[in-house]
Amino acid sequence: MASASQPSLIASLKVQRRVLAALLVRELLTRYGRHNIGFLWLFVEPMIFTLGVTALWTATKSVHGSDLPIVAFALTGYSSVLLWRNMPGRCIGALMGNLALMYHRNIRALDIYAARIIIEFAGATISFFTLSLIFILGGWISPPEDFLTVAAAWILTAWFGAALAITLGALSHEYELVDKLWHPASYLLFPLSGAAFLVSALPPLGREIVLYIPVVHGVEMVRDGYFGTKVEAIYDPGYLITCSLVLTVVALIATRWVEKRLTPQ
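Residues numbered from 1 in each chain as written. Predicted model: local features only at pLDDT ≥ 70, side-chain atom pairs only at ≥ 80, totals over all residues. Heavy atoms only, no water.

1. Description of the packing of aromatic side chains
Rules: To pair, rings of Phe, Tyr and Trp, with the six-membered ring standing in for Trp, must have centres within 6.5 Å; the planes then decide the type, stacked if under 30 degrees apart, edge-to-face if over 60, and tilted in the middle. Helix and strand assignments come from DSSP, with helices taken as H or I runs of at least 4 residues and strands as E runs of at least 2, each series counted from the N terminus. Exposed residues in this analysis have more than 50% of their type's maximum accessible area, buried residues have under 20%, and partly exposed residues fall in between, with area computed by a 1.4 Å probe over protein chains only.
Inspection of every chain in the model, using the stated rule, returns eight aromatic pairs. Relative to tryptophan 257, the ring of tyrosine 175 lies with its centre 6.3 Å away and its plane at 20°, an arrangement referred to as stacked. A residue pair is termed long-range when its members are at least 10 positions apart, and tyrosine 175 in the loop between α5 (147–174) and α6 (177–192) and tryptophan 257 in helix α9 (residues 237–261) qualify at 82 residues. For tryptophan 257, a relative accessible area of 32% translates into the label partly exposed.

2. Considerations on the pattern of salt bridges
The condition is simple: The salt bridge criterion pairs a side-chain nitrogen of Lys or Arg with a carboxyl oxygen of Asp or Glu, the two atoms within 4 Å.
For the coordinates displayed, the defined rule picks out five salt bridges. Between glutamate 259 and arginine 108 there is a salt bridge, with its nearest N and O atoms 2.9 Å apart. Taken together, the positions of glutamate 259 in helix α9 and arginine 108 in the loop between α3 (70–91) and α4 (109–137) put the pair 151 residues apart, joining distant regions of the chain. Residue classification places arginine 108 among the partly exposed positions, given a relative accessible area of 41%.

3. Here's the deal with the packing of α3 against α6
Heads up, the condition is: Note on geometry: axes are lines fitted to C-alpha atoms, helical ones only across the stretch in contact, with angles between N-to-C directions running from 0 to 180 degrees. Angle categories: roughly parallel below 35 degrees, roughly antiparallel above 145, roughly perpendicular from 65 to 115, and oblique for all the rest. Left-handed describes a crossing whose near helix is turned anticlockwise from the far helix through less than a right angle; right-handed describes the clockwise counterpart. Whether two residues are in contact is decided by their heavy atoms: any pair within 4.5 Å suffices.
As a packed pair, α3 and α6 sit with axes 11 Å apart at the nearest point and diverge in direction by 165°. Between α3 and α6, the angle falls in the class roughly antiparallel. Considering how the two elements wind past one another, α3 and α6 form a crossing that is right-handed. Here Tyr78, Val81, Trp84, Arg85, Pro88 and Gly89 of α3 lie close against α6, whose contacting residues are Trp182, Ser186, Tyr187, Leu189 and Phe190.

4. Topic: the confidence of the model for the protein chain
Note the threshold: Per residue, pLDDT measures the predictor's confidence, with a range of 0 to 100.
Within the protein chain, residue pLDDT values average 83, and 85% of them lie at 70 or more. For the protein chain, helix α2 (residues 41–60) is the element with the lowest average pLDDT, namely 67, and α5 is the one with the highest, namely 94.

5. A look at the environment of proline 144
Residue position: proline 144 is located in the loop between α4 and α5. Along the primary structure proline 144 and tyrosine 226 are separated by 82 residues, whereas in three dimensions their C-alpha atoms are 4.1 Å apart. Contacts of proline 144, omitting those with residues within four sequence positions, involve Ile136, Val150, Gly225 and Tyr226.

6. A few points about α4
Cut-off, in case you're wondering: In this analysis, the expected span of each helix is defined as 1.5 Å times one less than the number of residues it contains.
If you check α4, its first and last C-alpha atoms are 42 Å apart, about what 29 residues at 1.5 Å a residue would give, namely 42 Å. Positive phi shows up at glycine 139, right after α4, with a value of about 85°.

7. Thoughts on a nonpolar patch on the surface
As a reminder, the rule being used: Every patch collects residues that have over 30% relative accessible area and no salt bridge, joining them within 9 Å if they carry like charges and within 5 Å if they are nonpolar side chains (Val, Leu, Ile, Met, Phe, Trp, Tyr). Only the protein chains shown count as cover for residues, and the accessible areas themselves come from Shrake-Rupley with a 1.4 Å probe.
On the surface, Phe129, Phe147 and Leu148 cluster together into a nonpolar patch covering about 320 Å² of accessible area. If you trace the backbone, phenylalanine 147 turns up in helix α5. On the accessibility criterion, phenylalanine 147 (46% relative accessible area) is partly exposed.

8. Quick look at the side chain of threonine 255
Note that threonine 255 resides in helix α9. On the basis of relative accessibility, which here comes to 4%, the residue threonine 255 falls in the buried class.

9. Thoughts on α3
When the terminal C-alpha atoms of α3 are compared, their 32 Å separation across 22 residues agrees well with the 32 Å that a helix rising 1.5 Å per residue should span. Most of α3 is tucked away, with 19 of its 22 residues classed as buried. Phi turns positive one or two residues past the end of α3, at glycine 93, with a value near 80°.

Laid out in structure tokens, this is it:
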């Protein structure tokens, strides 16, 4: 039986839920405000980016190593990029702007990161599935052949992105160089992430190199679920899970280390 000074697990979870809900509302209001369409920018913004890339690729008749419709190829590729790339960008430097909140004993650094990650995940997910529905109803693309594989790939990619975001977010609080390096690194990773090519279309050496990049497996898995027999998808979900597990442990250790060094202001 829990003592009066030691709250039960259920009570702690209720407190944690209220803390996270409050941080989510605060983050949404701070980022999007109450004007124009407000929090709808959460998914409208990534939709605009995805539509822009899709239109650009269609207009330039980009080559992607397959006979898949360019609309479907751009949708699955760039939506996956938004999912993992935006999370670190929002978590880097997040603690510096929220140090005052650390006075509250129930708010931890991980809560601040979690709130931002949830918002990015929700925005990218709503954008992806809304655009998919629009394109399917418009006859531009066919429905996914295996929805469960798409969903599993999406969750695994988000897991990796979240672990990466927390790790970089924690390290950026102590090392300003993290912020300086991430922006060019994220742009360099975009063409290598599998968004603009199929692994099967690469020469053997190219395949071997890009398959060391965890997000490539997520993108290939999304396309496997979406297009099924129309593509030769090359990926290893076990490798993506292993990388995500290792990065999650690193993220938790880094967050704990930073929390001990925090000075609320």
